[in-house]
Amino acid sequence: MPEAPMLGADGTAAGKVTLDERAFGSRFHGPLVQQSVRAEQAARRRGTAATKTRGAVSGGGAKPWRQKGTGRARAGSNRSPLWTGGGVTFGPQPRSYTFKVNRKERRAALRSALSLHAERGSLAVLDAGELTAPRTSAAFDLLDEWGAEPPTLVVLGADEETAALSFRNLAGVRVLACESVGVADVVGAASLLLSKPALETLTVRALAPESS
């Protein structure tokens, strides 16, 4: 059974936590992880890049000069893509970059990412209730005592605001709520620190059917 150290407020291991083997002992599926990471990153793109076509650029209502007799090339509009200030041909338009990844694939990718940390020993569980007051120095000492490699992802429950305030200002540390964590966040971290509620939530997410 996969295990992870249980860290106290000072960062020392206060025992071991047995992890769910189905969620933290799975075989790594590289293609599923890559696909899920691409989907999450694509969904974060705003897709607002836009250019004006010749029909959207103002002006161009009359020919710049008559058709014949000037010695110059024919021109029908000063909004032509050939002209400075004219429209853009085949330029980017607002679009969505999202694409679908099946629920079973998303769950398998999350299990792979969690299992990778469990296998490497870069996963620890924190009793966030021991952090009774927001103290960045205490959070720094905790990670230093554990030996966390940056970048570190700290995943906390919704009611663990004190711990979030303690970790959020540390360099190389990212704090996320357990409901907001994606596969890209997990695989992008060298160290993963989970609170007890976050561990339960991620375990459920990795195993139970998703609502969307």
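Check the entry above for the structure.
Residues numbered from 1 in each chain as written. Predicted model: local features only at pLDDT ≥ 70, side-chain atom pairs only at ≥ 80, totals over all residues. Heavy atoms only, no water.

K.L.:
Sorry if this is basic, but what is going on with the pattern of salt bridges here?
P.N.:
Pairs can form between side chains of opposite charge whenever their charged atoms are close. Inspection of every chain in the model, using the stated rule, returns 3 salt bridges. For arginine 22, the salt bridge identified is with aspartate 20, shortest N-O distance 3.1 Å. Here arginine 44 makes a salt bridge to aspartate 185, at a shortest N to O gap of 3.5 Å. Of this pair, arginine 44 sits in the loop between α2 (30-43) and α3 (103-120) while aspartate 185 sits in helix α6 (residues 183-187), placing them 141 residues apart in sequence. Assessed through its relative accessible area of 7%, aspartate 185 is described here as buried. Linked through salt bridges whose partners overlap, the residues forming this network are Arg44, Arg174 and Asp185. (Salt bridge = Lys/Arg side-chain N within 4 Å of Asp/Glu carboxyl O. Helix = DSSP H or I, 4+ residues; strand = E, 2+ residues; numbered from the N terminus. Buried < 20%, exposed > 50% of the residue type's maximum accessible area, 1.4 Å probe, protein only.)

K.L.:
Can you walk me through unusual backbone geometry in this structure?
P.N.:
When glycine is set aside, most residues are seen to have a negative phi, and most peptide bonds are trans. Here proline 150 and proline 151 are connected by a cis peptide whose omega angle stands at -5 degrees. By secondary structure assignment, the location of proline 151 is in the loop between α4 (136-146) and β4 (152-156). Residue phenylalanine 90 is not a glycine yet carries a positive backbone phi of 55 degrees. Relative to the elements of secondary structure, phenylalanine 90 occurs in the loop between α2 and α3.

K.L.:
What is the right way to look at the pairing of strand β5 (residues 173-177) in this model?
P.N.:
Consecutive side chains along a regular strand alternate between the two faces of the sheet. Strand direction decides the pairing type here: β4 and β5, joined by 5 bridges, are parallel. Paired with valine 155 across the bridge in β5 is leucine 176. The handedness of the β4 to β5 crossover, carried by helix α5 (residues 161-167), is right-handed. (Pairing = 2+ DSSP bridges. Right-handed = clockwise from strand over helix to strand, strands pointing away.)

K.L.:
Please clarify how a negative patch on the surface should be interpreted in this entry.
P.N.:
A surface patch of like charges, here negative, comprises Asp10, Glu130, Asp141, Asp144 and Glu145. Here aspartate 10 shows up in the loop between β1 (3-7) and β2 (13-18). Residue class for aspartate 10 comes out partly exposed when judged on its relative accessible area of 46%. (Patch = residues over 30% accessible without salt bridge, like charges linked within 9 Å, V, L, I, M, F, W, Y side chains within 5 Å. Areas by Shrake-Rupley, 256 points an atom, 1.4 Å probe, with all protein chains shown as cover. Lys, Arg positive; Asp, Glu negative; His and termini not counted. Charge placed at Lys NZ, Arg CZ, Asp CG, Glu CD.)

K.L.:
Would you mind going over the environment of proline 64 with me for this structure?
P.N.:
Relative to the helices and strands, proline 64 is located in the loop between α2 and α3. Counting along the chain gives 13 residues from proline 64 to serine 77, while the straight-line C-alpha distance between them is 6.3 Å. Among residues more than four places away in sequence, those in contact with proline 64 are Ala75, Gly76, Ser77, Asn78 and Trp83. (Contact = heavy atoms within 4.5 Å.)

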